[in-house]
Protein chains: 2
Amino acid sequence: MAEFQAPLRDMRFVLNEVFNVSELWASMPRLAETVDAETADAILEEAGKIASASLAPLNREADEQGCEWVDGQVTTPHGFKEMYQLLSDGGWFGLGGNPEFGGMGMPKMLVAQFEEMIQGACMSFGLSPMLNAGACVSIDYHASQALKEKYLPNMYAGTWAGAMDLTEPHAGTDLGIIRTKAEPNDDGSYNVTGTKIFITWGEHDMAENIIHLVLAKLPDAPAGPKGISLFLVPKILVNDDGSLAEANHVSCGSIEKKMGIKASATCVMNFDGAKGWLVGELNQGLACMFTMMNYERVGVGIQGLGASEASYQNAVAYAKDRLQSRSPSGAQQPEKAADPIIVHPDVRRMLMIQRALNEAGRAFSTYAAMWLDISKYSDDEAQKTKAGNMVALLTPVVKAFITDKSLESAIHGQQVFGGHGFIREWGQEQLVRDIRITQIYEGTNGIQAMDLMGRKTVMNGGEFVREYIAEIEAFIVQHKDGAVGEFAMALSDQVANLQQVTDAVIARAKGGDKVAVGAAAVDYLHLFGFVSYAYMWARMVAVAGAKTSGADADFYSAKITTARFFFQRLLPQTRALTEQVLAGGDSMMALKADQF
Amino acid sequence: MAEFQAPLRDMRFVLNEVFNVSELWASMPRLAETVDAETADAILEEAGKIASASLAPLNREADEQGCEWVDGQVTTPHGFKEMYQLLSDGGWFGLGGNPEFGGMGMPKMLVAQFEEMIQGACMSFGLSPMLNAGACVSIDYHASQALKEKYLPNMYAGTWAGAMDLTEPHAGTDLGIIRTKAEPNDDGSYNVTGTKIFITWGEHDMAENIIHLVLAKLPDAPAGPKGISLFLVPKILVNDDGSLAEANHVSCGSIEKKMGIKASATCVMNFDGAKGWLVGELNQGLACMFTMMNYERVGVGIQGLGASEASYQNAVAYAKDRLQSRSPSGAQQPEKAADPIIVHPDVRRMLMIQRALNEAGRAFSTYAAMWLDISKYSDDEAQKTKAGNMVALLTPVVKAFITDKSLESAIHGQQVFGGHGFIREWGQEQLVRDIRITQIYEGTNGIQAMDLMGRKTVMNGGEFVREYIAEIEAFIVQHKDGAVGEFAMALSDQVANLQQVTDAVIARAKGGDKVAVGAAAVDYLHLFGFVSYAYMWARMVAVAGAKTSGADADFYSAKITTARFFFQRLLPQTRALTEQVLAGGDSMMALKADQF
C-alpha cells in the first residue's frame with residue numbers, strides 16, 4: 001500500500017491560483033487580520049506532515065482492531081489517543097474556531113484542506129475533529145455567552161470532545177417523532193431522558209470529557225419538528241470554575257458492528273435524567289442542529305473526497321508497479337516479463353476517472369467553503385446575501401454528489417488492483433467500505449437531493465439556481481477566448497440545459513404534481529453536480545491554460561488533459577440524467593405496495 | 001432481515017412463459033429424454049426449499065464467523081458441512097452433469113435457476129457447487145475417459161469437491177507468465193510444483209477429497225500462453241479401485257482476509273511435486289481452462305443476480321415496515337406516527353431500479369443459458385453454430401453487466417435502510433461486500449469488456465453482433481402491434497445505435513488505432529448490456545401484455561410497469577455511453593505515466 005501523501009500541490013493550486021485567496025481574504029477585514037496566504041501555506045505544510053506521517057500509518061491496523069466496548073467504556077485502537085493528543089497540542093481542534101474563545105479563526109477554505117488530509121489519512125479518526133468542530137459551530141452560533149465561555153475553550157483545545165445526538169431507533173430522517181424528553185429544573189437546567197443511536201464517537205477514551213448536543217422535546221412541546229429543542233449534555237458535569245465534577249447520567253449502552261469506519265465508535269447513548277442546558281431557543285432545536293448539520297454536510301463531502309484521493313494514490317502506485325500483459329501499442333518494457341498495467345487503456349480510464357472526479361471535487365468543496373467564508377466574514381451585504389444563497393444551494397450537492405462520486409472513484413481504485421483489491425491488506429477495499437457511510441449519514445444522499453430540489457429550488461422558484469447559472473455564464477463570456485474556449489460551448493449548453501430542466505421540474509411541482517420533487521431529486525442533483533464539476537474544470541483550465549509552457553508545465557498540462565477527459569468521458573452522463581428527470585414519476589409510483 | 005425466498009414465480013415466468021422451455025426442450029431429443037417442464041418445476045420447488053429454509057439462515061452468521069485456518073486445515077463456518085452433505089445427498093452437485101458418469105443431465109436454463117437461488121441464499125457457500133460444476137465441465141469436455149471415470153462420479157456426488165488453480169502472486173490476468181511447473185514422470189503422470197493464490201475453496205472440511213485443476217508449464221514449454229497445460233491434481237491420491245490412497249503433496253499455506261464472501265476460504269495453495277494428470281492436450285491448457293471459465297463466468301453473473309435479489313427482498317420488506325415521514329400526497333396511515341417509507345418517490349426509485357435490473361438480469365442469464373443448451377444439445381447444425389456464436393458474444397456481458405448492475409442494485413438496497421444499512425446485523429452491507437468480488441474474479445469486468453469488444457466483435461468484423469441485432473429486429477417486427485408496441489420504436493433506435501457504435505469502433509480499430517478497443521471496451525459493454533436488458537424487457541412484455549386482466553393480473557401488469565420504468569429511467573444511460581465510446585481514447589492516454 002502506497003504511503004498517503006497530502007495533495008499539497010493541488011490544494012495550493014486550488015486555493016492560490018483558482019480562487020486567489022490572497023486577494024479574497026484581503027478583501028474581508030476580519031479575515032485579513034487572522035490569515036494571509038503565507039500563514040495558510042505554513043498551516044497546510046504542517047497539517048500535511050501530521051496526516052501523512054502520523055495519522056495515515058494508523059489507518060489499516062485500526063480498521064482490523066476496531067473499538068472495544070466493555071461495561072460502557074470504549075477503548076480506541078492503537079495510536080488514536082496519542083494522535084488525538086497530537087492534534088490537541090497543536091491547536092488543530094480550534095483551527096476554524098472563534099478566536100474570542102480560543103479558536104484560531106481560520107477560514108473554512110483552509111480548514112477544508114486540513115479536513116481533506118485528515119480524512120484521507122484515516123476516516124474513522126477524522127470523524128473526531130469533524131464532529132468536535134461541528135458541535136463548536138452550533139454552540140458558538142446559538143448557545144448563551146455563559147455556555148460558550150464554559151465549554152468552547154476546552155473544546156477548541158481538544159481537552160473535551162463534541163458529539164451530536166439526533167437519531168433514535170424509530171427516528172432517523174424523521175426527527176419530528178423523537179421521544180427523548182427534557183424536563184425543566186428550577187435552576188434553568190433540564191433533565192434529559194431517552195436513547196439515541198448511531199452516535200459517532202459518543203463515548204471514547206481520547207478526551208477528558210465529551211460534550212453531547214442532544215435533540216429532545218419538552219413534555220408540553222408541540223408535536224412534530226416544531227417541538228424539538230437542542231441541549232448541551234456533558235458526559236461529566238463541569239463546575240463553575242471549569243473543573244470537572246461528578247459524572248452525568250450519560251452512558252454508552254453498546255457500539256455497532258459496521259461495514260466500515262470500524263475504528264470509530266458508533267454508540268447507543270442512554271440519557272437517564274442527565275443534566276443538560278438549552279442551546280438556542282426552546283423548540284428551535286432543529287434550526288440550531290442544522291447549523292451544525294450544514295457544517296458537517298460539507299465536511300462529509302470532504303470526507304468522501306479525502307478517502308477517494310487516498311484510493312487514487314494507491315491505485316496509481318500499484319498501476320505503475322504491477323506488471324501484467326503488454327501494452328496494445330507493443331511492449332513498453334521488453335526487458336521485463338510484462339508491462340506495468342498503467343499502459344492499458346482501461347486502467348488509464350479508471351485512474352483518469354478518479355483524477356477527474358477528485359480534482360473537481362476538491363475545487364468544488366473549496367468553492368463552497370469560499371461562500372461559507374464570504375457569508376460569515378464579508379461586510380458587503382449584497383455579497384453576504386448571495387453567499388448565503390450559494391451555501392444553501394451548494395451544501396447538499398457538496399455532500400451528496402462528492403460522496404456518490406467518491407464511492408464510484410474508490411470502486412475504480414479497487415478494481416485497478418484486480419483480486420488484490422478485494423484482500424484487506426492492500427487497503428483499497430477499506431476505502432470503499434469507509435466511503436459508503438458518507439452517502440448515508442448526516443442525511444442520506446436522497447434527503448440531500450430532496451433538499452436541493454425542494455427547499456432550495458422549487459420553493460424559491462429557482463432563484464438560487466438562476467443566480468448560480470448567471471455566475472457561470474458570466475465566467476464563460478469572460479474566458480471564452482482563452483484556454484477555456486475549447487470547453488465554452490459545451491459548458492454553455494450544459495448550463496442552458498440545467499436551466500431548462502430546473503424550470504420543467506418547478507412547473508410540474510407548481511402544477512400540482514405531488515411527486516415531481518421526489519421523483520426528480522436524485523437525478524437532478526447528479527445533473528447539477530456534473531454541471532458544477534464542469535464549471536470547476538473550466539475555472540481550473542482558465543488558470544492552467546496560461547502556464548503549460550513554464551517551469552511546472554507537466555502539472556498544468558495535466559489539468560487541461562484531465563478537463564478534456566472529464567468533458568468527453570464523464571459529462572455526457574448529463575444527457576441520460578436529463579431524460580430521466582424529464583420522464584417524471586409515473587412509472588416510479590405506479591405499482592401498488594403489494595405488487596412489490 | 002427478511003427471510004430469503006427463492007423467486008420461483010419469476011423463474012417460472014422466465015422459463016415457461018418467456019422462453020417456453022416445454023417446446024424448446026421437446027425440440028432437442030437428447031434433452032427431451034431427461035427433462036420436461038413438470039420435472040423442471042419439481043426441481044425448482046425443491047431447490048427453493050433448500051435455498052430458503054436450509055441455506056439462507058446460515059448466511060449472516062457464517063459471514064461473522066468466517067473460515068479458520070490452522071496448520072493447513074480449513075474449518076468451515078457452522079452449518080456448512082451439513083449443508084454440503086444435504087446437497088450431496090440430494091444429488092444437486094450433479095444437476096447439470098453428464099449422465100454417463102452419474103450426472104443428472106439437466107439443461108443449463110434450469111441449472112441457472114438453481115444457481116441463482118443458492119447464491120441468493122449464501123454466496124460464500126454457493127461458490128462450492130459452482131466451482132465443482134465448472135471443474136466437472138472441464139474434465140467432462142477435455143479429460144481422458146479414464147480420468148472421467150475415475151473422478152466425475154464422485155464429483156457429481158459431491159463426495160469430492162472441485163477447485164480451479166490459475167492465479168499466481170505475479171500472474172493474474174496475464175496467465176502467460178505463470179511459473180508453476182509440471183515435470184513428466186515415466187508413468188504418464190506429472191510432478192506439479194508451484195504456488196497458486198486466490199484459490200476459492202482450495203481447502204476445506206466439507207468433502208473427502210478436493211480435485212484441483214491446475215495450470216502449469218512443462219520445463220520445455222513455449223513461452224507465454226501457448227505453453228500452458230492443465231493438470232488434474234487431487235488433494236488425496238486415488239487408487240485404481242477408486243478408494244482414497246495417501247495424501248498428495250498439496251497443502252494450503254494460508255487463507256486471505258477479504259472484504260466479503262468471508263465464509264468462503266480463499267487459499268494460498270502449495271504444490272510440492274504433487275502428482276497430477278494432464279487434462280486435454282499439452283500446451284492447450286488455456287483452452288481447457290476456458291471451457292470451465294466460460295461456464296463459471298455465466299455462473300458469476302448469476303451469483304451477482306442472486307445476491308441482488310436477496311438485497312431487493314430485504315429492501316422491500318424494510319420499506320413496507322419502517323415508518324418515517326409522510327407521503328408527499330398526504331398521510332397514508334394517519335393513525336400511525338408516520339407512513340411506511342415505500343410511499344416516498346425516492347425509495348420507490350431505488351426499489352424499481354432493483355426490480356428492473358434483477359428481472360432483466362434473470363431473463364438475460366436464462367437467455368444466455370438457452371444458447372448454451374442449444375449449442376450443446378441441438379441436432380440442427382445451423383442453430384448450433386448460431387448458438388455457439390451467441391454464447392461467445394453474450395458470456396462476457398452476462399458476467400460483467402449483470403455483476404456491475406447487481407452491485408448498483410445492492411447499493412440501492414442498502415441505501416433504502418439508511419443508517420441501518422451500514423450496520424452488519426441487517427445483512428444489506430454484506431450483500432454489497434459479497435457482490436463486489438463478482439466484478440473482479442473469473443476475469444475482471446474490464447477483461448470481459450476487452451473480450452466482448454476485441455475477440456468477440458472487432459476480430460470477426462462484428463458478425464456476432466449483427467446476428468444478435470438481426471434477432472432483436474425480427475422480434476420487433478413480429479411484436480410491434482401488441483403490448484410491445486409502446487417500446488418498439490425506442491428499442492429499434494437503441495439497436496440501430498448499437499450497430500452504429502459497433503461499426504465505428506471496428507472502423508477505428510481496423511484503421512490502426514491501437515487503443516480503440518481498450519478505450520471503448522467497458523462503456524461499450526454497458527451499452528450492449530442496456531440494449532440486451534431492453535430486449536429482455538420487450539420479450540417479457542410480449543408475454544405479459546396478454547395477461548393483464550386475468551387471474552394473476554397484478555403480476556403481469558407489474559411487468560409492464562417495470563418495463564416502462566426501465567425504458568424511461570435506466571435505458572437513457574445509453575446516450576451517455578454512446579458519446580463516451582465515440583470520444584475515443586485520446587484524452588485517456590494523453591498523460592505521461594509520471595504525470596499521474
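None of these values were measured; they are calculated from a predicted model. (Residues numbered from 1 in each chain as written. Chains lettered and ligands numbered in written order. Predicted model: local features only at pLDDT ≥ 70, side-chain atom pairs only at ≥ 80, totals over all residues. Heavy atoms only, no water.)

Visitor: So what exactly am I meant to see when it comes to the overall build of chain A here?
Guide: Tallying secondary structure elements over chain A gives 20 helices and eleven strands in all. The C-alpha atoms of chain A give a radius of gyration of 24 Å, which matches the 25 Å a tight globule of 596 residues would have. Split into buried and exposed, the 596 residues of chain A put 65% on the buried side. By sequence separation, contacts in chain A at least 24 residues apart represent 74% of the contacts at least 6 residues apart. Carbon and sulfur atoms make up 51% of the accessible area of chain A, which totals about 19,400 Å². Each charge sign in chain A was given a centre, from 50 positive and 71 negative side chains, and these centres are 6 Å apart. (Helix = DSSP H or I, 4+ residues; strand = E, 2+ residues; numbered from the N terminus. Rg over C-alpha atoms; globule rule 2.2 N^0.38 Å. Buried < 20%, exposed > 50% of the residue type's maximum accessible area, 1.4 Å probe, protein only. Contact = heavy atoms within 4.5 Å. Areas by Shrake-Rupley, 256 points an atom, 1.4 Å probe, with all protein chains shown as cover. Lys, Arg positive; Asp, Glu negative; His and termini not counted. Charge placed at Lys NZ, Arg CZ, Asp CG, Glu CD.)

Visitor: I'm lost on the interface of chain A and chain B in this one. Help?
Guide: Accessible area lost during the coming together of the parts is what is often quoted as the interface size. Taken together, the contact between chain A and chain B spans 93 residues of the former and 93 residues of the latter. Carbon and sulfur atoms make up 58% of the area that chain A and chain B hide from each other, which totals about 8,000 Å². Interface area lost by chain A to chain B is led by Phe422, Arg569 and Phe596 of chain A, which between them contribute 11%. Between the two partners, chain A and chain B, sit eight salt bridges. The salt bridge involving arginine 569 of chain A is made with aspartate 523 of chain B; its shortest N-O contact spans 3.0 Å. Broken down by element, the residue count for the side of chain A that touches chain B peaks at nine residues, all from helix α18 (residues 553-569) of chain A. (Buried area = accessible area lost by both parts, 1.4 Å probe. Salt bridge = Lys/Arg side-chain N within 4 Å of Asp/Glu carboxyl O.)

Visitor: Looking at this model, I keep getting lost on the environment of aspartate 272 of chain A. Mind explaining?
Guide: Residue and element names in this part refer to chain A. In this fold, aspartate 272 is placed in strand β11 (residues 266-279). When the C-alpha positions of aspartate 272 and glycine 194 are compared, they lie 6.6 Å apart, and in sequence the two are 78 residues distant. In this structure aspartate 272 touches Val192, Thr193, His249 and Ser251, once residues within four positions along its chain are discounted.

Visitor: Looking at this structure, how should I read the UniProt feature "domain: Acyl-CoA dehydrogenase/oxidase N-terminal" (unreviewed entry) in chain A?
Guide: Following the UniProt record, one finds the feature "domain: Acyl-CoA dehydrogenase/oxidase N-terminal" (unreviewed entry) at residues 38-158 of chain A. Structurally, residues 38-158 of chain A is divided into 67% helix and 5% strand, and its ends, taken at the C-alpha atoms, are 25 Å apart. (UniProt positions renumbered as here; feature names shortened; annotations may be inferred.)

Visitor: So what exactly am I meant to see when it comes to the environment of alanine 363 of chain A here?
Guide: All names here are of chain A. Structurally, alanine 363 is set in helix α11 (residues 345-377). Owing to a relative accessible area of 0%, alanine 363 belongs among the buried residues under this scheme. Distance from alanine 363 to leucine 15, taken between C-alpha atoms, is 8.4 Å for residues 348 residues apart in sequence. If we skip the residues at most four places from it in the chain, alanine 363 touches Val14, Phe19, Met536 and Met540.

Visitor: What should I look at first to understand the packing of helix α15 (residues 463-479) of chain B against helix α17 (residues 516-544) of chain B in this one?
Guide: The geometry of a pair of packed helices is captured by two quantities: the angle between their axes and the separation between those axes. All names here are of chain B. Where α15 contacts α17, the two axes come as close as 11 Å, and the packing angle between them is 30°. Taken together, the axes of α15 and α17 are roughly parallel relative to one another. Handedness of the crossing formed by α15 with α17: left-handed. Of α17, the residues touching α15 (which contributes Val465, Tyr468, Glu471, Ile472, Phe475 and His479) are Tyr524, Phe528, Ser532, Tyr535, Ala538, Arg539 and Ala542. Tallied by class, the residues present in the contact of α15 with α17 amount to nine nonpolar, two polar and two charged. (Axes fitted to C-alpha atoms, helices over the stretch in contact; angles between N-to-C directions. Parallel < 35°, antiparallel > 145°, perpendicular 65-115°, else oblique. Left-handed = near helix turned anticlockwise from the far one by under 90°. Nonpolar A, V, L, I, M, F, W, Y, C, P; charged D, E, K, R; others polar.)

Visitor: Any chance you could explain the relation of the copies chain A and chain B here in plain terms?
Guide: Turning one copy of the chain about an axis and sliding it along that axis gives the other copy, so a rotation and a shift relate them. Superposition record for chain A on chain B: RMSD 0.0 Å, screw rotation 180°, translation along axis 0.0 Å. What the superposition gives is, in effect, a two-fold axis relating one chain to the other. Interface residue correspondence from chain A to chain B reaches 100%, placing this contact among same-surface, isologous pairings. (Least-squares fit on C-alpha atoms with pLDDT ≥ 70 in both.)

Visitor: Where do I start with the packing of aromatic side chains in this structure?
Guide: Each pair of aromatic rings is reported with the distance of its centres and the angle of its planes. What the rule picks out here adds up to 54 aromatic pairs over all chains. Ring geometry for tyrosine 367 of chain A versus tyrosine 468 of chain A: centroids 6.4 Å apart, planes at 40°, classification tilted. With tyrosine 367 of chain A in helix α11 and tyrosine 468 of chain A in helix α15 (residues 463-479), this pair connects stretches of sequence that are 101 residues apart. What makes tyrosine 367 of chain A buried here is its relative accessible area of 0%. An aromatic cluster of at least three residues, connected via ring pairs, comprises Phe19, Tyr367, Trp371, Tyr468, Phe475, Tyr524, Phe528 and Tyr535 of chain A. The cationic tip of arginine 9 of chain A hangs over the ring face of phenylalanine 555 of chain A; the distance from NZ or CZ to the ring centre is 3.9 Å. It is arginine 355 of chain A that lies over the ring of phenylalanine 596 of chain B; its NZ or CZ is 5.6 Å from the centre. (Phe/Tyr/Trp six-rings, centres within 6.5 Å; stacked < 30°, edge-to-face > 60°. Lys NZ or Arg CZ within 6 Å of the ring centre and 35° of its normal.)

Visitor: Can you walk me through the side chain of glutamine 415 of chain A in this structure?
Guide: Within the fold, glutamine 415 of chain A resides in helix α12 (residues 381-415). At 2.9 Å, the side chain of glutamine 415 of chain A forms a polar contact with the backbone oxygen of glutamine 439 of chain B. Excluding residues that lie within four positions of it along the chain, glutamine 415 of chain A makes contacts with Met350 of chain A together with Arg436, Gln439, Ile440, Thr444 and Asn445 of chain B. (Polar contact = N/O pair within 3.5 Å; in protein donor to acceptor, adjacent residues only side chain to side chain.)

Visitor: I tried to follow the pairing of strand β6 (residues 209-217) of chain A on my own but got confused; where do I start?
Guide: Put simply, side chains in a regular strand alternate between the two faces of the sheet. All names here are of chain A. With respect to burial, β6 is a largely interior element, nine of its nine residues being buried. Side chains of β6 alternate between two faces, with Asn209, Ile211, Leu213, Leu215 and Lys217 and Ile210, His212, Val214 and Ala216 buried alike. Here six bridges tie strand β3 (residues 160-165) to β6, and the two strands are oriented parallel to one another. Each bridged residue has a counterpart across the sheet, and for aspartate 165 the counterpart in β6 is valine 214. (Pairing = 2+ DSSP bridges.)

Visitor: Would you mind going over the UniProt feature "domain: Acyl-CoA oxidase/dehydrogenase middle" (unreviewed entry) in chain A with me for this structure?
Guide: Mapped onto the present numbering, the UniProt feature "domain: Acyl-CoA oxidase/dehydrogenase middle" (unreviewed entry) falls on residues 163-272 of chain A. With 0% helix and 49% strand, residues 163-272 of chain A has end C-alpha atoms that lie 17 Å from one another.

Visitor: I would appreciate a short explanation of the environment of glycine 280 of chain A in the present structure.
Guide: Residue and element names in this part refer to chain A. Positionally, glycine 280 belongs in the loop between β11 and α10 (285-321). Looking at glycine 280, the relative accessible area reads 22%, which means it is partly exposed. In the structure, glycine 280 is positioned 51 residues away from serine 229 in sequence and 8.1 Å away in space, judged by C-alpha atoms.

Visitor: So what exactly am I meant to see when it comes to the packing of helix α16 (residues 485-510) of chain B against α17 of chain B here?
Guide: Residues and elements named next belong to chain B. Close contact between α16 and α17 brings their axes to 10 Å; oriented N to C, the two are set at 160°. In terms of orientation, α16 lies roughly antiparallel with respect to α17. For α16 against α17, the interelement crossing comes out left-handed. Contacts between α16 and α17 involve Phe487, Leu491, Gln494, Val495, Asn497, Leu498, Val501, Thr502, Val505, Arg508 and Ala509 from the first element and Ala516, Val517, Ala520, Tyr524, Leu527, Phe528, Val531, Ala534, Tyr535, Ala538 and Val541 from the second. By residue class, the composition of the contact of α16 with α17 is 18 nonpolar, three polar and one charged.

Visitor: What is the right way to look at helix α1 (residues 8-18) of chain B in this model?
Guide: An α-helix turns once per 3.6 residues; consequently, residues spaced three or four apart project the same way. Residue and element names in this part refer to chain B. In terms of burial, α1 is largely enclosed, as nine of its eleven residues are buried. Every buried residue of α1 is listed here: Leu8, Asp10, Met11, Arg12, Phe13, Val14, Leu15, Glu17 and Val18. One or two steps after α1, the chain reaches asparagine 20, where phi turns positive at roughly 45°.

Visitor: Whenever I open this one, the side chain of asparagine 445 of chain B confuses me. Can you help?
Guide: Note on placement: asparagine 445 of chain B falls in helix α14 (residues 445-455). Within the structure, asparagine 445 of chain B has its side chain in polar contact with the side chain of aspartate 404 of chain B (distance 2.7 Å).

Visitor: Whenever I open this one, the pattern of salt bridges confuses me. Can you help?
Guide: Opposite charge on two side chains makes pairing possible when the charged atoms of those side chains draw close. Residues and elements named next belong to chain A. Taken as a whole and judged by the stated rule, the model has 69 salt bridges over all chains. Close ionic contact of aspartate 451 with arginine 455 constitutes a salt bridge, the shortest N to O distance being 3.8 Å. Taken together, the positions of aspartate 451 and arginine 455, both in helix α14 (residues 445-455) and four residues apart, correspond to about one turn of that helix. Exposure remark for aspartate 451: the relative accessible area of 9% places this residue in the buried category.

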